[in-house]
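Architecture at a glance
Spelled out, the chains give:
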Amino acid sequence: MCRKLLSGRAFILCTWLDILCKALQNMCALFKYVVINDCCMYSSYFQSYASEDMCVERCARSIGLCLVFLALLSIAANLFLLYPNLDGLYLRKNQISEYAGSVRGVWAGGLLVLLAGIQITVAGFRVKRLSCCGPRCDMLLSGIFSSVAMVGAAISLLTSVAGLFHGPYCLYTVNDGTREKWGYPFRSTDSNINSSISTSGMSSICIEPPSILTWNSAFFLSLSLINMLQIVLCLSQFLNACLGVVCGQCEQKK
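Residues numbered from 1 in each chain as written. Predicted model: local features only at pLDDT ≥ 70, side-chain atom pairs only at ≥ 80, totals over all residues. Heavy atoms only, no water.

All chains considered together, the criterion is met by seven aromatic pairs. Judged by centre distance (5.2 Å) and plane angle (65°), the ring pair of Tyr 169 and Tyr 184 falls under edge-to-face. In this pair, Tyr 169 sits in the loop between helix H9 (135–166) and strand S1 (170–174) while Tyr 184 sits in the loop between strand S2 (179–183) and helix H10 (191–200), placing the two residues 15 residues apart along the sequence. In this structure an aromatic cluster arises from ring pairing among Tyr 90, Tyr 99, Tyr 169, Trp 182 and Tyr 184. (Phe/Tyr/Trp six-rings, centres within 6.5 Å; stacked < 30°, edge-to-face > 60°. Helix = DSSP H or I, 4+ residues; strand = E, 2+ residues; numbered from the N terminus.)

The subject of this paragraph is the nonpolar core. Grouped together as the largest cluster of nonpolar side chains are 20 residues, with contacts concentrated most on Ile 63, Leu 67, Val 113, Met 139, Ala 149 and Leu 233. Those elements giving two or more residues to this core turn out to be helix H5 (56–82), helix H8 (104–125), H9 and helix H11 (212–247). If one sorts the elements of this core by residue count, H5 sits on top with eight residues. Every residue in contact with Ala 149, bar those within four places of it in the chain, is listed here: Leu 112, Val 113, Ala 116 and Cys 234. Ala 100, Cys 170, Cys 206 and Leu 223 belong to the second-largest nonpolar core, a separate cluster that totals 16 residues. (Core = buried A, V, L, I, M, F, W, Y, C linked by side-chain atoms within 4.5 Å. Buried < 20%, exposed > 50% of the residue type's maximum accessible area, 1.4 Å probe, protein only. Contact = heavy atoms within 4.5 Å.)

Working definition of a disulfide: a covalent bond connecting the sulfur atoms of two cysteines. Taken as a whole, this structure holds one disulfide when the rule is applied. Across a sulfur-sulfur distance of 2.1 Å, Cys 170 and Cys 206 are joined as a disulfide pair. Because the sign of the S-S torsion sets the handedness, a value of about -60° for the bond joining Cys 170 and Cys 206 places this disulfide among the left-handed ones. Remark: Cys 206 occurs in the loop between H10 and H11 and Cys 170 occurs in strand S1; sequence separation between them is 36 residues. (Disulfide = S-S within 2.5 Å.)

Quick look at the pairing of S1 now. Summarising burial for S1: four of the five residues are buried, a large majority. By the bridge criterion, five bridges tie S1 to S2 in an arrangement that is antiparallel. The residue bridging Thr 173 from the neighbouring strand is Glu 180, located in S2. (Pairing = 2+ DSSP bridges.)

Before going further, it helps to examine the environment of Ile 205. Counting through the fold element by element, Ile 205 comes out in the loop between H10 and H11. A C-alpha to C-alpha distance of 7.6 Å links Ile 205 and Pro 185, two positions 20 residues apart in sequence.

It is worth spelling out the packing of H8 against H9 at this point. Relative to each other, H8 and H9 sit at 160°, their axes nearing to 8 Å. In terms of their interaxial angle, H8 and H9 are classed as roughly antiparallel. Along this stretch, H8 crosses H9, giving a crossing that reads as left-handed. The residue makeup of the contact of H8 with H9, split by class, is 15 nonpolar, eight polar and two charged. (Axes fitted to C-alpha atoms, helices over the stretch in contact; angles between N-to-C directions. Parallel < 35°, antiparallel > 145°, perpendicular 65-115°, else oblique. Left-handed = near helix turned anticlockwise from the far one by under 90°. Nonpolar A, V, L, I, M, F, W, Y, C, P; charged D, E, K, R; others polar.)

A few words now on the side chain of Ser 156. Within the element layout of this structure, Ser 156 appears in helix H9. With residues up to four places along the chain from it excluded, the contact list for Ser 156 reads Ser 74, Arg 104, Gly 105, Ala 108, Gly 109, Leu 223 and Asn 227.

What follows covers H5. The end-to-end C-alpha separation of H5 is 39 Å, in line with the 39 Å expected for 27 residues at 1.5 Å each. Most of H5 is tucked away, with 19 of its 27 residues classed as buried. (Expected span 1.5 Å × (residues − 1).)

It is worth spelling out the confidence of the model for the chain at this point. Overall, the prediction assigns the chain a mean pLDDT of 78, with 65% of residues at 70 or greater. Low pLDDT, under 50, characterises residues 29–54; the stretch is placed with 56 contacts to residues that sit more than four places away or in other chains. (pLDDT = per-residue confidence, 0-100.)

What follows concerns a nonpolar patch on the surface. A cluster of nonpolar side chains, namely Leu 140, Ile 144, Val 148, Val 245 and Val 246, defines an oily patch on the protein surface of about 380 Å² accessible area. It is H9 that contributes the most residues to the nonpolar patch, three residues altogether. Mapped onto the fold, Leu 140 is located in helix H9. (Patch = residues over 30% accessible without salt bridge, like charges linked within 9 Å, V, L, I, M, F, W, Y side chains within 5 Å. Areas by Shrake-Rupley, 256 points an atom, 1.4 Å probe, with all protein chains shown as cover. Salt bridge = Lys/Arg side-chain N within 4 Å of Asp/Glu carboxyl O.)

So, in structure tokens, the structure goes:
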């Protein structure tokens, strides 16, 4: 069936998928035990028409495992943002950033992506007891799950960028140092705060929690990078799933 469906558009899709798989190979060094190189030969598979060893399921395995790993990292990064300097006092007093308190790195970039990663991994390894239907249906479900996970990762990314842009929620001085206030000093319009930032530097603005600027920047930046990788992987799996629905998962010739 794959031979009949091969056309100019299919060749372009396969070429684009080949590029994405090569990028995936560089991002998934922790999963070297999965045969990622097999996933990156879709073009030669469709051009030769004869080799049935390179299948969409191999690519799904790699993407699924990577998504599970990145989802756990996303959850961990957001949890660290809830506990500045590993101190739970600020969380109990609700003195944390609203962008961290929304925990979108946990439910959007975490749980949604984790569920998608598990389903994609199950489809890739063809776990019969956990598979609800045939290979084509599994690929269709993985495409739907990857789309939902992509939306979740995008939501988490927007929140992370906003948290990085607006800066930390901390205790800082206002009115020439005569009064202290909890808030976002880097998005304040107070001229005294802006002049203090320019003279003494950004790291000395926040009084409490200690080193909150470094903590906030490091984990929001990490969360942003994680979410971007998730979006790339989800898009790759969506294209991979479309190919699996059209052509099916190939059985290796014995």
